Amino acid sequence: MENSEKTEVVLLACGSFNPITNMHLRLFELAKDYMNETGKYRVIKGIISPVGDAYKKKGLISAHHRVIMAELATKNSEWVEVDTWESLQKEWVETAKVLRHHQEKLEAGSCDHQQDSPMPGKPGQKRKWVEQRQDFSQKKLLEPKPKDVPKVKLLCGADLLESFAVPNLWKSEDITQIVEDYGLICITRAGNDAQKFIYESDALWKHRNNIHLVNEWITNDISSTKIRRALRRGQSIRYLVPDLVQEYIEKHDLYNCESEEKNVGVILAPLQRQVADANS
Amino acid sequence: MYQVIGGIISPVNDGYRKQDLVAAHHRVAMARLALQTSDWVQVDPWESEQVQWMETVKVLRHHHSELLRSLPQTEGQDHGRARSVAPTAVPELKLLCGADVLKTFQTPNLWKDAHIQEIVEKFGVVCVSRTGHNPKEYISGSPILHRYQHNIHLVREPVQNELSSTYIRRALSQGRSVKYLLPDAVISYIKDHNLYTRDSSWKGSSTQRNEGKTD
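Since this is a predicted model, take the numbers as computed values, not measurements.

(A) Summary view of the overall build of chain B. Across its full length, chain B holds nine helices and five strands. Moving toward the C terminus, one meets the helices and strands of chain B in the order β-α-β-α-α-β-α-α-β-α-α-β-α-α. Residue burial in chain B is summarised as follows: out of 215 residues, 39% are buried. Taking the contacts inside chain B whose residues are at least 6 apart along the sequence as the reference set, 73% of them involve residues at least 24 apart.

(B) Up close: the nonpolar core. Residues and elements named next belong to chain A. In this structure, L11, I20, M69 and L155 are the most contacted members of the largest nonpolar core, which totals 55 residues. Ranked by the residues each element gives to this core, the list is headed by helix α1 (residues 22-37), at six residues. Here L155 is in contact with L11, L12, A13, L27, F28, A31, I185 and I187, once residues within four sequence places are set aside. In this structure, C14, L154, L169 and V179 belong to the second largest nonpolar core, which totals 35 residues.

(C) Inspection of the interface of chain A and chain B at higher detail. Listed by partner, the interface residues are 23 residues for chain A and 16 residues for chain B. Carbon and sulfur atoms make up 47% of the area that chain A and chain B hide from each other, which totals about 1,900 Å². Counting across the interface, chain A meets chain B through one salt bridge. The residue R176(B) makes a salt bridge to E37(A) at a minimum N-O spacing of 3.0 Å. Where chain A meets chain B, there are nine residue pairs in polar contact (both at pLDDT 80 or more). Ranked by the residues each element gives to the side of chain A that touches chain B, the list is headed by α1(A), at seven residues.

(D) Spotlight on the side chain of S38(B). Checked against the element boundaries, S38(B) lands in the loop between α1 (24-34) and β2 (41-43). Reaching out from S38(B), the side chain makes a polar contact with the backbone nitrogen of W40(B) at a distance of 3.3 Å. Polar side-chain contacts of S38(B) include one of 3.1 Å to the backbone nitrogen of V41(B). In this structure S38(B) touches R238(A) and Y239(A), once residues within four positions along its chain are discounted.

(E) Quick look at the packing of aromatic side chains. Residues and elements named next belong to chain B. Counted under the stated rule, the structure contains six aromatic pairs over all chains. Both rings, one in F105 and one in W111, keep their centres 4.7 Å apart while their planes meet at 85°; by these two values the pair is edge-to-face. Taken individually, F105 and W111 each receive the classification buried, so the pair is uniform in this respect.

(F) Molecular detail of α1(A). Residues and elements named next belong to chain A. The first and last C-alpha atoms of α1 sit 22 Å apart over 16 residues, in line with the 22 Å expected at 1.5 Å per residue. Turning to α1, its buried residues number three or more, namely N22, H24, L25, R26, L27, F28, E29, L30, A31, D33 and M35. Between the side-chain oxygen of the N-cap and the backbone nitrogen of M23 there are 3.1 Å, and the N-cap of α1 in question is T21. Count one or two residues on from α1 and you reach G39, which has phi positive near 80°.

(G) Fine view of empty space enclosed by the protein. Residue and element names in this part refer to chain B. In the structure shown here, the tally under the stated rule is one cavity of 30 Å³ or more. Its boundaries defined by the atoms lining it, the largest cavity holds a volume of some 40 Å³. Taken together, S129, R130, T131, E157, Q160, N161 and E162 make up the full set of residues lining the largest cavity. For the lining of the largest cavity, a count of residues per class yields no nonpolar, four polar and three charged.

Cut-offs used in this document
- Residues numbered from 1 in each chain as written.
- Chains lettered and ligands numbered in written order.
- Predicted model: local features only at pLDDT ≥ 70, side-chain atom pairs only at ≥ 80, totals over all residues.
- Heavy atoms only, no water.
- Helix = DSSP H or I, 4+ residues; strand = E, 2+ residues; numbered from the N terminus.
- Buried < 20%, exposed > 50% of the residue type's maximum accessible area, 1.4 Å probe, protein only.
- Contact = heavy atoms within 4.5 Å.
- Core = buried A, V, L, I, M, F, W, Y, C linked by side-chain atoms within 4.5 Å.
- Buried area = accessible area lost by both parts, 1.4 Å probe.
- Salt bridge = Lys/Arg side-chain N within 4 Å of Asp/Glu carboxyl O.
- Polar contact = N/O pair within 3.5 Å; in protein donor to acceptor, adjacent residues only side chain to side chain.
- Phe/Tyr/Trp six-rings, centres within 6.5 Å; stacked < 30°, edge-to-face > 60°.
- Expected span 1.5 Å × (residues − 1).
- 1 Å grid on protein atoms, 1.4 Å probe; cavity = no way out; pocket = protein on both sides within 12 Å on 5 of 7 lines; lining within 4 Å.
- Points joined across faces, edges and corners; volume = space filled by probe spheres on them.
- Nonpolar A, V, L, I, M, F, W, Y, C, P; charged D, E, K, R; others polar.

If you want it as structure tokens, here you go:
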């Protein structure tokens, strides 16, 4: 398939990134290789969207630091970047809304781009092309296909997919919207478990074509929880997170017993919201 | 009880002739790049620069004697003729390996028994766990290892990571990204020198010579 026929994809990863680890970064690389290899997609960008402080997860340190660490981690990446919109919102934002925000941003950007998009060749040639277009407007072959807007897809690990089953954590209409309007790319070791999970959910099953399961053969157990635990115990996290992130954590003494106690006893924002919605 | 003062990576000699083994000078260069930011681990090319492959115990002996030579000499009544160093001040050199290497001690004819004994008796082993391996079993299953088990330190990796060079080489030959699995500097080096591409895999002898080596 020619490049012009491929769907352009933007991978969006939401999460605490508390802290960001090499595993998070690997998700992007694996997803990009997978999607590009299907021949139908072309991954053009990766976005890391750290969750806002209002999420109120236990041990969640300030978004300010988490954003900086993610930026340090992606300093050497040519295509993955950090977006702070979600983290700057005063209230917690549902993932479906974050997806919508980024999709709309792409659509808005695309309109501007199409109006100003530079034509290949010299100005003289541009005029000629425009004239040709008016003359041959009926011959669609000569008319270049308008560039489709890139599609945002949610990038995640199996833990997020399976969290769909946690009572009151996700709104069912959000889950439907995520898989129907956007799509999911899920990196997992246990492909069979993930497939079974999809099979057992009507909403997921209906849109299974929009859920891409990417098998990662090597076990990569680097989770933020383990990183924080190692830090509390004075153990090295070298080579588990990018060097710049490790240095930043050390310099600011970000993770210790105190930081892990943050938000203890506080109800997680999505759960709080479901209760509020139910009562309203 | 212990204080680790240094780490040495000693890439194997090309004479080992393991399949897909790229030239030693590349492997040394890549290790050096990977260790650029480490303040305590370094590469030592001595083993790779020898004329032929040599048994691990000989490498241990070499580095141990180098360690002793580099110690500050005490010039007492002997006026420097004899080196007298307090026993507690002598650093110990231990073989660091994955559990897969410990398992290879069992492979018939791969290691000389005398060497295994010297390694665990005179030096010591620090063995990091690896998925699918049970080092305690290997130790209890071998009389030599069992006898010197106090000198075999089993390290449990709190964060399991099944990364292996074999996986990396395979991913590279398939054109897949290995970013964040290797230091960026090493990835650039591999790219610049066209290593581990689909065509460049060297079909070396697949029969292993003495001793198992990890990736």
